[in-house]
Each structure stands twice: as structure tokens, then as C-alpha cells.
Amino acid sequence: MNDKLCHIKRIDNLGRIVIPKEICRVADIKSDDLIKIVWNSEEKIISLCKDNNSSFINLVIENVIDILYKTIKCEVIITDNNKVINVYSNSNKLKAVKNKTISMELEKLISSRAIQCKEFDNISISNGIELKEHCYYFSINENSFNVGSILVITNNKISEDLKNFILNQLTK
């Protein structure tokens, strides 16, 4: 199979281009996937690539989940910018939010660069699904952009040392 495909596309008046279906299929790009756009000023090349925030989030999961879920026994919800991507809990109610679109409240928290850690007694996780338990919100930050969040559900206070450890793990 030829590993290079070339298409010439016109940019519309709103600055958009359409990625051809053939390239989407080969590159495994689906509707709602994030695409990273990189400008190389030296070579005057714009490159598009499937954004792999999930690989960073997977690293976060490995480092943080061991401590939070397995050791301290906290329930944990992990999101990207759009949806709940994983739930570590024995609760079927919480497990039911996996793959659901996140709430506007959570979306606003993630999009706010100023908020890295916040405590809640209730928070909307997904439309119509309210978490009415004590939890901590931590933003997952990559290259100065919040790309997701971790919600830690616990009745216990999290120490400042543990908060700082989590925040360090969640920043790339």
C-alpha cells in the first residue's frame, strides 16, 4: 500500500478545509476526533495529525490511578475535553457515565486555565447526572492547555502533599 496520499483542497471563506474520506479512513480519523494543526515556519509546512491527548491521559492514568484508586481506595472519573473516558468505581451509577458527554459545568472548568484543583460537594458530571458526594477536581494540563480532568471522589480530605503530587503528574 502506498504510504503517501496527496490531495489538493481549497480553503473556504471561513478558513476550513475538508480532509478526504480516504485519508480519514487510512489515518483512523473519525468524527469528533481532535486534530493537531502545526505550522513549521522554517519549511512553511502546515501539518495535521490526530491529537493523541489520550496517550498523555493514559500515562496519567497509570501514575495517578495506582495511588488514588488502588491504594487510597478513592473512586476516580477521568475525562477528556468532551466525554468521560474512564471510571474507576464499584458503583454502577458512576460506571454508567463512561463515554457520556461531559456537562457544561465540567467543560467550563476544563477550559479555564486558572483552575487546576477545586473541591466540590456536588458537581454535574454529564447532562442530568449530578455527583452529590465530596470530590476533588484536577485539570490535566498539556503544553499549557487543559486537555481533560480527574474527579477524585472521597469522604476524606486529600493532603496538600498528595494534591501537589497529583498536580505535578497531570502537567506535561
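Nothing here was measured: the structure is a model prediction, and the numbers come from that model.

Novice: Looking at this structure, how should I read the packing of aromatic side chains?
Specialist: Any pair of aromatic rings gets described here by the distance separating the centres and the angle formed by the planes. On inspection of all chains with the given rule, the structure shows one aromatic pair. For the ring pair Tyr136 and Phe138, a centre distance of 6.4 Å and an interplane angle of 20° mean the geometry is stacked. Overall, the relative accessible area of 0% leaves Phe138 in the buried class.

Novice: Would you take a moment to explain unusual backbone geometry for this structure?
Specialist: Backbone phi values are negative for most residues with the exception of glycine, while trans is the configuration of most peptide bonds. Look at Asp28: it is not a glycine, yet its phi comes out positive at around 55°. With respect to the helices and strands, the residue Asp28 is situated in the loop between helix 1 (21–27) and strand 1 (35–40). Positive phi outside glycine occurs at Asn99, with the angle close to 70°. For Asn99, the position within the fold is in the loop between helix 3 (92–95) and helix 4 (104–111).

Definitions and cut-offs
- Residues numbered from 1 in each chain as written.
- Predicted model: local features only at pLDDT ≥ 70, side-chain atom pairs only at ≥ 80, totals over all residues.
- Heavy atoms only, no water.
- Phe/Tyr/Trp six-rings, centres within 6.5 Å; stacked < 30°, edge-to-face > 60°.
- Buried < 20%, exposed > 50% of the residue type's maximum accessible area, 1.4 Å probe, protein only.
- Helix = DSSP H or I, 4+ residues; strand = E, 2+ residues; numbered from the N terminus.

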